[in-house]
Structure formats: C-alpha cells, structure tokens
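A structural walkthrough
Each chain, letter by letter, is given below.
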Amino acid sequence: MTDPITGQAAVDSLVELLDLAPVDDLVFRGQNPPIGPPRVYGGQVAAQALVAGGRTVDPSRHVHSLHGYFVRAGNMAEPIDYHVEKIRDGRSFSVRRSVAMQRGKPIFLMSASFQVREEGLDHHDPAPVDVPGPDELPTMADRLSPYPERLGIWKILPRPMDVRYVDEPGWVRPGKRSANTLQRVWMRLDGKLPDDPLLHACALTYLSDLTLLDAVLSVHGEVWGPGGVIGASLDHALWFHRPFRADEWFLYDCASPSASGSRGLATGRMFTRDGRHIATAAQEGLLRPVGA
C-alpha cells in the first residue's frame, strides 16, 4: 500500500478537481477523485457547485453566502453535472442556483449570492482566547496513530488539508473521547493556492464540511464509526465576511446548540491567526447510532 498524496501535490489535485469543464454556458461537468469513500464527499459537491455558479458571475462580485441541501448520495464512479440558473443580476448583487445532477436526478441544490465590494459598518466578536496554536498541536495522523483500526479509508485518501484538533477528534476509539461543548480545529490547505478569490472561497467551502458535524458528537463524547455514530449532511450554509486565504491557518470554532430526532445542528465561526472573523457556517446532519 502506497502512502497517500499530501502537501502541494494534494492541493494541486484539489485545484484540478475544482476546475470544472464547461458543457455549455450554464452547465459544467465535475469529476471525482480516483480514490475516495463510497459516497461523494459533501464538501466536494458544495465546492464544485460554487465553482459552477461563480463561473457565470462577473469576477468583480464576490460570494458572500451560500445555502445548500444534500438530497441524494453522490456516486463516486460517475461525473457530476452542475446546472446553473441565473436568478438575478442587480446593481450590487448576483444570485445563482446550482443543481448537481447524476443520472438525471439532483444530488445537491445550492443558492449562492455574490456582491460587489462595498464599505460600511464593520464589527465582529473577538476570537477565542487561550487556544493553542496549530504548531503546538498534533497532526490528524498523530492523533489517530494509536488507533489503526479506526483509520479506514483515511489511510489512502489524498490529504490536501492540514487539520489540527485542539481536543480529541471524533475518530478515536469509543470511550476515548471526553464530552466537550466546544470543538475547535485549526485548518488550512497544505500548499499554495493561486490568487483567485473564488477558488479560495470554494476551497473554504470544501474544508467547512470536514469537521462541523463532529461538534454534535463532541457534546456527548461520541465518536464516528463502529460503536459510535454514522451520519450524513442534510444541509449546509456558509457566510463569507472578510477576505482570506484558504492556504493560511484559520481556527474553526464549532458548537452544537441542539440535537433531536436523529438530527444534529452545528455552527462554526472561522478566525484567522490574527483574530479576524472570516466566515460562519451552519449545518444539520442525520446522526444514527451504529453497533460495534
């Protein structure tokens, strides 16, 4: 078994994954990575849907929010076609709807809004304090090395991201995770991205789905997989507040205000190392216990 692709090579592969092929003016085709889980990763579909919508908007308008629903599991063996509808182009805002299709059926729906840069009121909550920096924390591989049976497909997946949990992640062995109402994770792409704001927004969208639902499990000290919980994203929302680079460290400060009916809600705020609040995410997921 070969080691997974990491670093700049993995980031370059992600950039290629997000470079959709035009089918016509409002339809774009996305491919899936050659190695992956049985279902297409939700962050990939959301990021590709944003690429498709963004390709039809004037580059002077930057995405400020997106709202999506995961309606079917994506098939890794087939390409995904993204159909874009131009909802509105106003003086300051453009709105697009992207529908991801496989075999003639939608698997994901997204609405995204884009705005020209404007000056106005500016404030945000302060970033969390007394949080260890990413350089003080173990890598995800280090976190999971004591639990080789929990690695699963993680052993071979490309790793374009560097993820550093402040506390135990949801991938440890059952009983090895203490309950915690907060989940904080440092993230970045583990290489350099081109200087394209839309690409950085799409990369952040890709990363935002990676650990958010883990905040729901953290409240209960639960873990993913055998002896814990299986889950799937139901919807995803993301608001972009300030310019950023997805290849620079940001703190993903996540919590879960509610879980019921086999569904859990998680919210997350993203802060740069110098304390700027760059984005906010919210997601509801389906969460069901699974036997050992």
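Residues numbered from 1 in each chain as written. Predicted model: local features only at pLDDT ≥ 70, side-chain atom pairs only at ≥ 80, totals over all residues. Heavy atoms only, no water.

**Remarks on the nonpolar core**
Grouped together as the largest cluster of nonpolar side chains are 65 residues, with contacts concentrated most on Leu50, Phe108, Phe240, Tyr252 and Met270. In this structure, Met270 is in contact with Leu204, Ser208, Leu238, Phe250, Leu251, Tyr252, Arg276, His277, Ile278, Ala279 and Ala281, ignoring residues within four places of it in sequence. (Core = buried A, V, L, I, M, F, W, Y, C linked by side-chain atoms within 4.5 Å. Buried < 20%, exposed > 50% of the residue type's maximum accessible area, 1.4 Å probe, protein only. Contact = heavy atoms within 4.5 Å.)

**Some remarks on the layout of surface pockets**
The computed volume of the second largest pocket comes to approximately 880 Å³. Along the walls of the second largest pocket sit 29 residues, with Arg117, Phe240, His241, Arg242 and Pro243 positioned nearest its centre. Elements with a minimum of two residues in the lining of the second largest pocket: strand 3 (61–70), strand 6 (105–116), helix 4 (197–208) and strand 9 (229–240). For the lining of the second largest pocket, the per-class residue count stands at 13 nonpolar, eight polar and eight charged. (1 Å grid on protein atoms, 1.4 Å probe; cavity = no way out; pocket = protein on both sides within 12 Å on 5 of 7 lines; lining within 4 Å. Points joined across faces, edges and corners; volume = space filled by probe spheres on them. Helix = DSSP H or I, 4+ residues; strand = E, 2+ residues; numbered from the N terminus. Nonpolar A, V, L, I, M, F, W, Y, C, P; charged D, E, K, R; others polar.)

**Things to note about the pattern of salt bridges**
Should their charged atoms come close, side chains of opposite charge can pair. Inspection of the entire model under this criterion finds 17 salt bridges. The structure contains a network of salt bridges with shared partners spanning Asp125, Arg184, Asp253 and Arg269. (Salt bridge = Lys/Arg side-chain N within 4 Å of Asp/Glu carboxyl O.)

**Observations concerning the side chain of Ser94**
Relative to the helices and strands, Ser94 resides in strand 5 (residues 93–102). Within the structure, Ser94 has its side chain in polar contact with the side chain of Asp89 (distance 2.5 Å). Not counting chain neighbours up to four residues away, the residues in contact with Ser94 comprise Val57, Arg61, Arg88, Asp89, Ala112, Ser113 and Phe114. (Polar contact = N/O pair within 3.5 Å; in protein donor to acceptor, adjacent residues only side chain to side chain.)

**Considering the environment of Val216**
Along the polypeptide, Val216 turns up in helix 5 (residues 214–220). On the accessibility criterion, Val216 (3% relative accessible area) is buried. Between the C-alpha atoms of Val216 and Phe28, which are 188 residues apart in sequence, the distance is 34 Å. Among residues more than four places away in sequence, those in contact with Val216 are Ser256, Ala259, Gly264, Leu265, Ala266 and Leu287.

**A closer look at the side chain of Ser65**
Checked against the element boundaries, Ser65 lands in strand 3. Residue class for Ser65 comes out buried when judged on its relative accessible area of 7%. Apart from the residues within four sequence positions on either side, Ser65 is in contact with Ser111, Ala112, Ser113, Leu238, Trp239 and Phe240.

**What about the UniProt feature "domain: Acyl-CoA thioesterase 2 C-terminal" (unreviewed entry) in the protein chain?**
UniProt's entry tags residues 174–286 with the feature "domain: Acyl-CoA thioesterase 2 C-terminal" (unreviewed entry), counted in the numbering of this structure. What you have in residues 174–286 is 17% helix and 45% strand, and the ends, taken at the C-alpha atoms, are 19 Å apart. (UniProt positions renumbered as here; feature names shortened; annotations may be inferred.)

**A look at the packing of aromatic side chains**
This structure, assessed with the given rule, holds five aromatic pairs. Pairing Phe70 with Phe108 gives two aromatic rings, centres 4.8 Å apart and planes at 45°, and the pair type is tilted. Here Phe108 lies in strand 6 and Phe70 lies in strand 3, a separation of 38 residues in the sequence. Residue classification places Phe108 among the buried positions, given a relative accessible area of 1%. Taken together, a centroid distance of 6.2 Å and an interplanar angle of 10° make the contact between Phe240 and Phe244 stacked. A residue is classified by how much of its surface remains accessible, and Phe244, at 17% relative accessible area, is buried. (Phe/Tyr/Trp six-rings, centres within 6.5 Å; stacked < 30°, edge-to-face > 60°.)

**Some thoughts on helix 4**
A rise of 1.5 Å per residue sets the reference length of helix 4, with its 12 residues, at 16 Å; its end C-alpha atoms lie 16 Å apart and thus fit the reference within 8%. Counting buried residues along helix 4, 10 of its 12 residues qualify, which places the element largely inside the surrounding structure. Two or three places before Leu198, at the start of helix 4, stands the capping residue Asp196, its side-chain oxygen 3.1 Å from that residue's backbone nitrogen. (Expected span 1.5 Å × (residues − 1).)

**As for the sheet that holds strand 3**
Read from one edge of the open sheet, 12 strands run 1-2-4-5-6-3-9-12-11-10-8-7, paired in antiparallel fashion. Lying at the two open borders of the sheet, with one neighbouring strand each, are strand 1 (21–24) and strand 7 (161–165). Taken pair by pair, the neighbouring strands of this sheet meet at an average axis angle of 25°, ignoring direction. Relative to strand 2 (residues 27–30), strand 1 is paired through three bridges, and the arrangement is antiparallel. Residue pairing in the sheet places Pro22 in a bridge with Phe28 of strand 2. (Pairing = 2+ DSSP bridges. Axes fitted to C-alpha atoms, helices over the stretch in contact; angles between N-to-C directions.)

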